[in-house]
Amino acid sequence: MMPIARIERPWNLVGDLKVKGLEKAFGMNFPKDYVDFLVQQNGGALKPEHSYTMSFNGRPMLGGIRILYGIEAESWGDIYDAIETFHLHERRMPEFLLPIGSDSGDNQICIILDKKRFGEIVHWEMESEVGYDKENKKWLKGPLDNCHFIAKSFSEFLAMLKSD
């Protein structure tokens, strides 16, 4: 996997055991290309923000990413904190979405972890968040209604990033 040229990494690299520990802690299995990225780069801030093209209601639209989350990172860039925020504390996104980064508006870049679309990358739009009915334990709309397709894999996503 090619490293991202303009990534600033204020936190340390981690090994396979840390990544496996993260997967076990949250009961998730990550795509191999994402595991490799965490071991080789462990996320970081992208300077400047990088852009990509996503599908927005069937039309291409430009998106951005400023942070790729890492393990044992500062709280603003830590994947544990992101998972806890969006899954455990507030149930803001379905458990099969893994937040892996954010743009400057705190929209999330996520990997789909369900079997049907495993490994796909989507843009989770905070402004049109899908609500969750805790009492009836169901989503008020489709759980991916606020998501926009970016790439078929994490490697494809990295390859499409352009520095602004």
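Looking at this structure, how should I read the overall build of the protein?
Scanning the protein from N- to C-terminus turns up four helices and ten strands. N-terminal to C-terminal, the α/β element order of the protein is β-α-α-β-β-α-β-β-β-β-β-β-α-β. For 164 residues, the compact-globule estimate of 2.2 N^0.38 gives 15 Å, and the protein sits close to it at 15 Å. Reported as C-alpha extents along the three principal axes, the dimensions of the protein are approximately 45 × 35 × 30 Å. Across the 164 residues of the protein, 48% fall into the buried class. Considering only contacts in the protein between residues 6 or more positions apart, those separated by 24 or more positions represent 59%. With an accessible surface of roughly 8,600 Å², the protein has 50% of that area assigned to carbon and sulfur atoms. Between the mean site of the 20 positive side-chain charges and the mean site of the 25 negative ones, the protein shows a separation of 4 Å.

Would you explain the packing of aromatic side chains in this entry?
Where two aromatic rings form a pair, the distance of their centres and the angle of their planes describe that pair. Considering all chains together, one arrives at eight aromatic pairs under this definition. Both rings, one in Phe26 and one in Tyr80, keep their centres 5.7 Å apart while their planes meet at 50°; by these two values the pair is tilted. Linking Phe26 in helix 1 (residues 16-26) with Tyr80 in helix 3 (residues 79-89), this pair joins segments that are 54 residues apart in sequence. On the accessibility criterion, Tyr80 (25% relative accessible area) is partly exposed. Aromatic pair Phe86 and Trp124: ring centres 5.2 Å apart, planes at 75°, arrangement edge-to-face. Taken as a pair, Phe86 in helix 3 and Trp124 in strand 6 (residues 121-124) lie far apart in primary sequence, 38 residues in all. Its relative accessible area of 0% is what places Trp124 among the buried residues. Every member of this aromatic cluster is reached through a ring pair, and the members are Phe30, Tyr34, Phe37, Tyr52, Phe154 and Phe157.

Which parts of the structure should I look at to understand the pattern of salt bridges?
It is possible for side chains of opposite charge to pair when their charged atoms get near one another. Scanning the entire structure with this criterion turns up five salt bridges. For Asp106, the salt bridge goes to Arg66, with nearest N and O atoms at 3.3 Å. With Asp106 in the loop between strand 4 (97-102) and strand 5 (108-112) and Arg66 in strand 3 (residues 59-68), this residue pair connects regions lying 40 residues apart in the sequence. Notably, a salt bridge pairs Glu120 with Arg117, separated by 2.8 Å at the nearest N-O pair. You can call Glu120 buried: its relative accessible area is 17%.

I would appreciate a short explanation of the confidence of the model for the protein in the present structure.
Do not read the predicted coordinates in detail wherever pLDDT is low. Taken residue by residue, the protein gives an average pLDDT of 87. The fraction at 70 or more is 92%. Here strand 7 (residues 132-133) is the element of the protein with the lowest mean pLDDT, 69, and strand 5 is the one with the highest, 97.

How should the pairing of strand 6 be read in this particular structure?
Side-chain positions along a regular strand alternate between the two faces of the sheet. Side chains of strand 6 alternate between two faces, with Ile121 and His123 and Val122 and Trp124 buried alike. Relative to strand 6, strand 5 is paired through four bridges, and the arrangement is antiparallel. By the bridge assignment, Gln108 is partnered in strand 6 with Trp124. Two strands pair when backbone bridges link them, and strand 6 and strand 9 (residues 147-151) are joined in this way by four bridges, in the antiparallel orientation. The residue bridging Trp124 from the neighbouring strand is Cys147, located in strand 9.

About the thresholds
- Along each chain, numbering runs from 1 in the same order as the chain's sequence is written.
- Thresholds applied to this predicted model are a pLDDT of at least 70 for local features of residues and 80 or more for the giving and counting of side-chain atom pairs; totals over whole chains, interfaces and linings are not thresholded and use all residues.
- Water and hydrogen atoms play no part in the side-chain values, which are based on all heavy atoms of the structure.
- Secondary structure elements follow DSSP: runs of H or I of four or more residues count as helices, runs of E of two or more count as strands, with numbering from the N terminus.
- Two things to know: the radius of gyration comes from C-alpha atoms, and the globule rule equals 2.2 Å times the number of residues to the power 0.38.
- Between buried and exposed lies partly exposed: a residue is buried under 20% and exposed over 50% of the maximum accessible area for its type, with that area taken using a 1.4 Å probe on protein chains only.
- Only heavy atoms matter for contacts: two residues are in contact if any of them lie within 4.5 Å across the pair.
- Each accessible area is a Shrake-Rupley estimate made with a 1.4 Å probe; only the visible protein chains count as cover when residues are assessed.
- Note that His is not counted, nor are the chain ends; the positive residues are Lys and Arg, and the negative ones are Asp and Glu.
- Every charge is mapped onto a representative atom, which is NZ of Lys, CZ of Arg, CG of Asp or CD of Glu.
- In this analysis, rings of Phe, Tyr and Trp, with Trp reduced to its six-membered ring, are considered paired at centre separations within 6.5 Å, and the interplanar angle assigns stacked below 30 degrees, edge-to-face beyond 60, and tilted for intermediate values.
- In the sections that follow, a salt bridge refers to a side-chain nitrogen of Lys or Arg positioned within 4 Å of a carboxyl oxygen of Asp or Glu.
- A score from 0 to 100, pLDDT tells how confident the predictor is in each residue.
- Strands were regarded as paired on the criterion that DSSP finds at least two bridges between them.

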